[in-house]
Amino acid sequence: MPSAPPLPDRAPRADAERRLFTPGPRGDLSVCLAYPNRYALGLANLGFHAVYRLLAEDPRVTVDRAFLPEGPRSGWPRPFVSFEARRPLGDFDILAFSVSFESDYVHVLDVLRGAGLPLRRSARGARAPLVLAGGPATFLNPEPLAEFVDLFLIGEAEEMLPEFLERATDGPRGREALLERAEEVEGAYRPDRYEARYDEEGRLAVFAYRGPRGGPGRVRRRYVHTLDRYETHSVLLAPEAVFGDKFLLEASRGCEWGCRFCAAGFMYRPVRYRSPERLWESAARGLALRSTVGLVGAEMAGQPGIAGLCERIVEAGGRPSPSSLKADLISPALARALGTAGSRSVTVAPEAASERLRRVINKNLTEPEILRATEWLVGHGVEALKLYLMVGLPTETDEDVEAIGALVARIRERLVAGGAPKVGRILVSINPFVPKPWTPFQWEAMDDLGSLRRKLARVRRQLSAIPAVQVETESPREAYLQTLLSRGDRRVAPILERLHAAPDAWWSILRALRGGRGDVVDPDRFVLRTWAADELLPWDFIDHAVDKRYLLAEWRKARAEIQTPPCDTHTCHACGAC
Ligand code: SF4
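The rules behind these values
Residues numbered from 1 in each chain as written. Predicted model: local features only at pLDDT ≥ 70, side-chain atom pairs only at ≥ 80, totals over all residues. Heavy atoms only, no water. Helix = DSSP H or I, 4+ residues; strand = E, 2+ residues; numbered from the N terminus. Rg over C-alpha atoms; globule rule 2.2 N^0.38 Å. Buried < 20%, exposed > 50% of the residue type's maximum accessible area, 1.4 Å probe, protein only. Areas by Shrake-Rupley, 256 points an atom, 1.4 Å probe, with all protein chains shown as cover. Salt bridge = Lys/Arg side-chain N within 4 Å of Asp/Glu carboxyl O. Pairing = 2+ DSSP bridges. Contact = heavy atoms within 4.5 Å. Axes fitted to C-alpha atoms, helices over the stretch in contact; angles between N-to-C directions. Phe/Tyr/Trp six-rings, centres within 6.5 Å; stacked < 30°, edge-to-face > 60°. Arc of directions from axis to C-beta. Disulfide = S-S within 2.5 Å. Right-handed = clockwise from strand over helix to strand, strands pointing away. Patch = residues over 30% accessible without salt bridge, like charges linked within 9 Å, V, L, I, M, F, W, Y side chains within 5 Å. Lys, Arg positive; Asp, Glu negative; His and termini not counted. Charge placed at Lys NZ, Arg CZ, Asp CG, Glu CD.

**Q** Would you mind going over the overall build of the protein in detail, with residue names and values included?
**A** A count of helices and strands for the protein gives 20 helices and 21 strands. Taken over C-alpha atoms, the radius of gyration comes to 24 Å for the protein, in line with the 25 Å a tight globule of 578 residues would show. Expressed as lengths along the three principal axes of its C-alpha atoms, the size of the protein is roughly 70 × 60 × 60 Å. Counting all 578 residues of the protein, 59% fall into the buried class. Within the structure as shown, the protein displays about 22,400 Å² of accessible surface, and the carbon and sulfur contribution to it stands at 52%.

Here's what the structure looks like:
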């Protein structure tokens, strides 16, 4: 007799977790919140924490969680069961995905299959759970998942999840009934209500709402106006989690600088900051549990009161760990606080090495500012610098690529010449540029793979000659997949199904389809093509509050190497978000 599949090892993990809030009473709407990757990564994601807490505190809901099982796929249990109650995922009223990264799309399919559900929404019956998805990857462009998900919530969960639950609990359960009520929530996107048609060249020609409400069916992204209304920090501490040694605390959403490649700088507009007082209150609570407070935001050096907050954390015996710092905004006080706390590593992101290319991407950052910041940080005792740079950016020349090695060499020389007490390591992280929806570079092609490989090899050669420099690079193939899933439309669905069926062969599958040689859409169309300015884009139906004409103007300014000053949310109305 075949033995029963082993149950996941829930107890040790659950016992090792520490919950930092009091859940509400259990309600009769059952929701399984799935993070489409491993447990350790799910617990490193503040968005997942925030949604879990909202659901767990709501007395109308009984919430459980799900993650990808550990170990090789061949050993995954069937069916997948939830983390706490070990309940099959297909038994819940709602299976809700929190999706932060396009690279997890294939795992969404893994979880659906593990739940015993047909992958395509059109094949699922009335007894299936409602399959819901939200998270930043899906509110940039939900279309690659549109054939698999019943309903997307486009926007920030704090703003719309309570309204969704109000509708969901106000009537009978069942997939169709839930869907009918939930689609009325502002920001909800129900893909089966939309029809996509393509012209003979394969461009999206029509994307039209065909539902009962009539009208164009534009979906307005929802966002939280005042971050201080909510606390967003670690609510589950687990030693196994990535960053498990830190108390993570969200300081801001968005960024005022408008770097033209950066989705976070446009999709979260207008930029919003938590007040220093609220941050300190949360940090002080976190310090009772963890000695390091991870301050999370797109750019942390411009955060109001950041130096004072870091100093208070240090005075309380803790260590502040900001996610990324814009070099020209680093003050001596901030550098001192980070150094005094014994910060092992601080991330600075020049993104491009030449002044010219930094103007193209609107970095508003000069080389003297980069050198000064690194000198301050290392001078105050920071042991390692992490530098983020990209290759394949629009308009990039050989000189721009050459400038990467030269910049790192000058940083190193300056640190040595300045007599920094401990010059330390420089970790250079180089990623191929990925064009993202809702940015001024959304129309740009990704650089071709051969060109990226040559550039990365050249930069690696240059950097290998500089002492104490480590290099890490993302592969051009991974960037290709990321671009496909960022800019794809619903024709990407059969590609995702193939990747799900044979994940280890993912590149062979894509290669076989490239150039229109397969029986599905040519993936190159979404990756290597410059899109026309007047072309209908798969994500145009979302209203992110940022005017497309503004993005186009920024794209043109990039080509003319003209920079745009940072946001002044009190006076500016330029992009439409304020
Ligand atoms: S309206 Fe102005 S300040 Fe507001 S997000 Fe747009 S560019 Fe920034």
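Once you've had a look at it, read on.
**Q** Provide a residue-level description of unusual backbone geometry, including the pertinent values.
**A** Following arginine 78, the chain continues into proline 79 via a peptide bond in cis, with omega recorded as -10°. Of note, proline 79 is situated in the loop between strand E3 (61-66) and strand E4 (94-98). The omega angle of the peptide bond from arginine 269 to proline 270 is -10°, so this bond is cis rather than trans. Checked against the element boundaries, proline 270 lands in the loop between helix H8 (264-267) and strand E14 (272-273). Here the phi dihedral of tryptophan 438 falls at roughly 65°; this positive angle occurs in a residue that is not glycine. Its place among the elements puts tryptophan 438 in the loop between strand E19 (425-432) and helix H15 (449-464). Taking the relative accessible area as the measure of exposure, tryptophan 438 reaches 5% and is therefore buried. Here alanine 468, not a glycine, exhibits a phi torsion of approximately 60°, which is positive. In this structure, alanine 468 sits in the loop between H15 and strand E20 (469-473). Alanine 468 gets classed as partly exposed once you look at its relative accessible area, which sits at 40%.

**Q** For the pattern of salt bridges, give the residues involved together with the corresponding values.
**A** Scanning all chains against the criterion turns up 61 salt bridges. Notably, a salt bridge pairs glutamate 240 with arginine 13, separated by 2.9 Å at the nearest N-O pair. Note that glutamate 240 is positioned in the loop between strand E11 (236-237) and strand E12 (246-250) and arginine 13 in helix H1 (residues 10-16), a separation of 227 residues in sequence. Given a relative accessible area of 40%, glutamate 240 falls into the partly exposed group. Residue classification places arginine 13 among the buried positions, given a relative accessible area of 19%. With its nearest N and O atoms 3.8 Å apart, the salt bridge here joins arginine 222 to glutamate 159.

**Q** Break down the sheet that holds strand E2 (residues 29-34) for me, citing the residues and quoting the values.
**A** On the basis of which strands lie adjacent, the open sheet formed by 6 strands has the order E3-E2-E4-E5-E6-E7 and mixed pairing. Only two strands of the sheet have a single neighbouring strand rather than two, namely E3 and strand E7 (188-189). In terms of strand pairing, E2 meets E3 through 6 bridges, oriented parallel. Bridge pairing links serine 30 to threonine 62 in E3. Taken strand by strand, helix H4 (residues 105-114) contacts E2, E4 and strand E5 (130-134), and its axis lies near 160° from that of E4. Here helix H6 (residues 157-168) sits on the sheet and contacts E2, E3, E4, E5, strand E6 (151-153) and E7; the angle it forms with E6, its principal contact strand, is near 145°.

**Q** Give a detailed account of the side chain of lysine 326, specifying residues and quantitative values.
**A** The residue lysine 326 is located in the loop between strand E16 (319-322) and helix H11 (332-340) in this model. Overall, lysine 326 belongs to the buried group, its relative accessible area being 4%.

**Q** Describe the packing of aromatic side chains, with residues and values.
**A** Geometry of an aromatic ring pair is reported as the spacing of the ring centres plus the angle between the planes. One pass over the full model with this rule turns up 21 aromatic pairs. Between tyrosine 480 and tryptophan 507, the aromatic rings sit 5.5 Å apart at their centres with planes inclined by 90°, giving edge-to-face as the arrangement. On the criterion of sequence distance, the pair formed by tyrosine 480 in helix H16 (residues 476-487) and tryptophan 507 in helix H18 (residues 506-513) is long-range, its members being 27 residues apart. When its relative accessible area of 0% is taken as the criterion, tyrosine 480 is described as buried. Ring centres of tryptophan 506 and tryptophan 507 lie 5.8 Å apart, and the angle between their planes is 75°; this geometry places the pair in the edge-to-face category. When its relative accessible area of 8% is taken as the criterion, tryptophan 507 is described as buried. Among the aromatic side chains, those forming a connected cluster through ring pairs are Phe152, Tyr189, Tyr194, Phe207, Tyr209 and Phe541.

**Q** Tell me about H18, and name the residues and values.
**A** Residues of H18 that are buried include every one of Trp507, Ile509, Leu510 and Leu513, and no others. Along the axis of H18, the buried residues cluster in a sector spanning 160°; they form a single face. Residues of H18 that are buried sit in contact with H15, H16 and helix H17 (493-501). Phi turns positive, to about 75°, at glycine 515, one or two residues after H18.

**Q** Any chance you could break down the sheet that holds strand E15 (residues 292-296) for me, citing the residues and the numbers?
**A** Taken in spatial order, the 3 strands make up an open sheet running E12-E15-E16, and their pairing is parallel. Every interior strand has two partners, whereas the edge strands, E12 and E16, have only one. Across the sheet, the mean angle from the axis of one strand to that of its neighbour is 25°, orientation sign disregarded. Bridge analysis of E15 against E16 gives 4 bridges, and the strand direction is parallel. In the sheet register, threonine 292 faces E16, and the bridge partner there is arginine 319. Together, E12 and E15 form the strand contacts of helix H9 (residues 276-287), whose direction differs from that of E12 by roughly 165°.

**Q** Could you give me a rundown of the state of the cysteines, with the residues and numbers involved?
**A** Two cysteines joined by a covalent bond between their sulfur atoms form a disulfide. As enumerated under the stated definition, the model contains 0 disulfides in all. A disulfide-free cysteine, cysteine 310 has its sulfur positioned 17 Å from the sulfur of cysteine 255, the nearest such atom.

**Q** Can you explain the pairing of E20? Please cite residues and give values.
**A** Pairing geometry for E19 and E20, over 5 bridges, is parallel. Within E20, the position partnered with serine 429 by the bridge is glutamate 472. Crossover E19 to E20 through H15 is right-handed.

**Q** So what's going on with the environment of alanine 502? Which residues, and what values?
**A** As for its position among the elements, alanine 502 is in the loop between H17 and H18. For the pair alanine 502 and valine 314, spaced 188 residues apart in sequence, the C-alpha to C-alpha distance is 49 Å.

**Q** Before we move on, can you summarise a positive patch on the surface with the specific residues and values?
**A** Where like charges cluster on the molecular surface, the positive patch consists of Arg453, Arg454, Arg477, Arg511 and Arg517. Mapping arginine 454 onto the fold places it in helix H15. For arginine 454, a relative accessible area of 58% corresponds to the exposed category.

**Q** Could you give an account of a nonpolar patch on the surface, with specific residues and numbers?
**A** Where nonpolar side chains cluster on the molecular surface, the patch consists of Leu41, Val242 and Phe243 and spans about 230 Å² of accessible area. For leucine 41, the position within the fold is in helix H2 (residues 39-42).

In short, geometric facts, not functional conclusions.
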